[in-house]
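# Residue-level structure breakdown
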Amino acid sequence: QVQLEEFGGGLVQSGESLRLSCAASGFTARDYAVAWFRQVPGQEREGVANIAAGTDIPTYADFVGNRFTISRDFRRNMVYLQMNDLKPEDTGVYFCAADSVAGARGSLAAGYFHRWGQGTQVTVSS
């Protein structure tokens, strides 16, 4: 019953915004580090943002700059990724992932995460 589901992907123009949602079931998301990853066909899965358990301290990939914000609503067992000023290079399938292991805290490395959603497509046109 442990499950993560992503919502909110779509087709947007360069410079527009999108908010992705990750719904957790079967576990309490507030007790897990949760991270967003993205993947383009033919490339490695890339860490985007992480929110730590307990402290909710965020970690972002360098390419994010100040454009993205990860947040948690523990009452709804939800994690969000607000993406502003989207660029064509942000195109990809976005996944949320979670784990309770110490190594997952603040990590953008996919290998630390063992619970994954199925992904939601984000396409940014120029």
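Please refer to the structure higher up on the page.
Residues numbered from 1 in each chain as written. Predicted model: local features only at pLDDT ≥ 70, side-chain atom pairs only at ≥ 80, totals over all residues. Heavy atoms only, no water.

### Some points on the overall build of the protein chain
Secondary structure assignment for the protein chain yields zero helices and 11 strands. Rg of the C-alpha trace for the protein chain: 13 Å, near the compact-globule value of 14 Å for 126 residues, within the 12% margin. By principal-axis analysis of the C-alpha atoms, the protein chain measures approximately 40 × 25 × 25 Å. Residues classed as buried in the protein chain amount to 42% of the 126 residues present. Here the analysis covers contacts within the protein chain between residues at least 6 apart in sequence; of these, 59% occur between residues at least 24 apart. In the structure as shown, the protein chain presents an accessible area of about 6500 Å², 45% of it carried by carbon and sulfur atoms. (Helix = DSSP H or I, 4+ residues; strand = E, 2+ residues; numbered from the N terminus. Rg over C-alpha atoms; globule rule 2.2 N^0.38 Å. Buried < 20%, exposed > 50% of the residue type's maximum accessible area, 1.4 Å probe, protein only. Contact = heavy atoms within 4.5 Å. Areas by Shrake-Rupley, 256 points an atom, 1.4 Å probe, with all protein chains shown as cover.)

### A word on the sheet that holds strand 1 (residues 3-7)
On the basis of which strands lie adjacent, the open sheet formed by four strands has the order 1-3-8-7 and antiparallel pairing. Here the strands that pair on one side only, and so sit at the sheet edges, are strand 1 and strand 7 (68-73). Averaged over all neighbouring strand pairs, the angle between strand axes comes to 15°, with direction disregarded. Bridging between strand 1 and strand 3 (residues 18-25) involves five bridges; their strand directions are antiparallel. Among the inter-strand pairings, Gln3 is bridged to a residue of strand 3, identified as Ser25. (Pairing = 2+ DSSP bridges. Axes fitted to C-alpha atoms, helices over the stretch in contact; angles between N-to-C directions.)

### Observations regarding the state of the cysteines
Summed over all chains, the structure comprises one disulfide. At a sulfur-sulfur separation of 2.1 Å, the disulfide partner of Cys22 is Cys96. Judged by the torsion about the S-S bond (65°), the Cys22/Cys96 disulfide is right-handed. Of this pair, Cys22 sits in strand 3 while Cys96 is found in strand 9 (residues 92-99), placing the two residues 74 residues apart along the sequence. When sorted by exposure, Cys22 lands in the same class as Cys96, which is buried. (Disulfide = S-S within 2.5 Å.)

### What to know about the nonpolar core
Counting 26 residues, the largest nonpolar core has Leu20, Trp36, Val48, Leu81, Met83 and Tyr94 as its most contacted members. When contributions to this core are tallied by element, the ones reaching two or more residues are strand 3, strand 4 (33-39), strand 5 (46-51), strand 7, strand 8 (78-83), strand 9 and strand 11 (120-125). Sorting elements by how many residues they give to this core places strand 3 first, with four residues. Those residues in contact with Val48 that lie beyond four places of it in its chain are Trp36, Phe37, Arg38, Thr59, Tyr60, Ala61, Phe63, Val64, Phe68, Leu81, Tyr94 and Leu108. Formed by six residues, the second largest nonpolar core is a distinct cluster that contains Ala35, Phe37, Ala97 and Phe113. (Core = buried A, V, L, I, M, F, W, Y, C linked by side-chain atoms within 4.5 Å.)

### A few points about the environment of Val48
Turning to its location among the elements, Val48 is positioned in strand 5. It is 9.4 Å that separates the C-alpha atoms of Val48 and Leu81, two residues lying 33 residues apart in sequence.

### Observations concerning the side chain of Asn77
Along the chain, the position of Asn77 falls in the loop between strand 7 and strand 8. A relative accessible area of 15% places Asn77 in the buried class. At 3.1 Å, the side chain of Asn77 and the backbone oxygen of Ala24 are in polar contact. (Polar contact = N/O pair within 3.5 Å; in protein donor to acceptor, adjacent residues only side chain to side chain.)

### Structural notes on unusual backbone geometry
With a phi close to 60°, Asp56 is a non-glycine residue in the positive phi region. Along the chain, the position of Asp56 falls in the loop between strand 5 and strand 6 (58-60). For Asp56, a relative accessible area of 31% puts it in the partly exposed group. For Asp85, which is not glycine, the phi torsion reads 50° and is therefore positive. Following the sequence through the fold, Asp85 ends up in the loop between strand 8 and strand 9.

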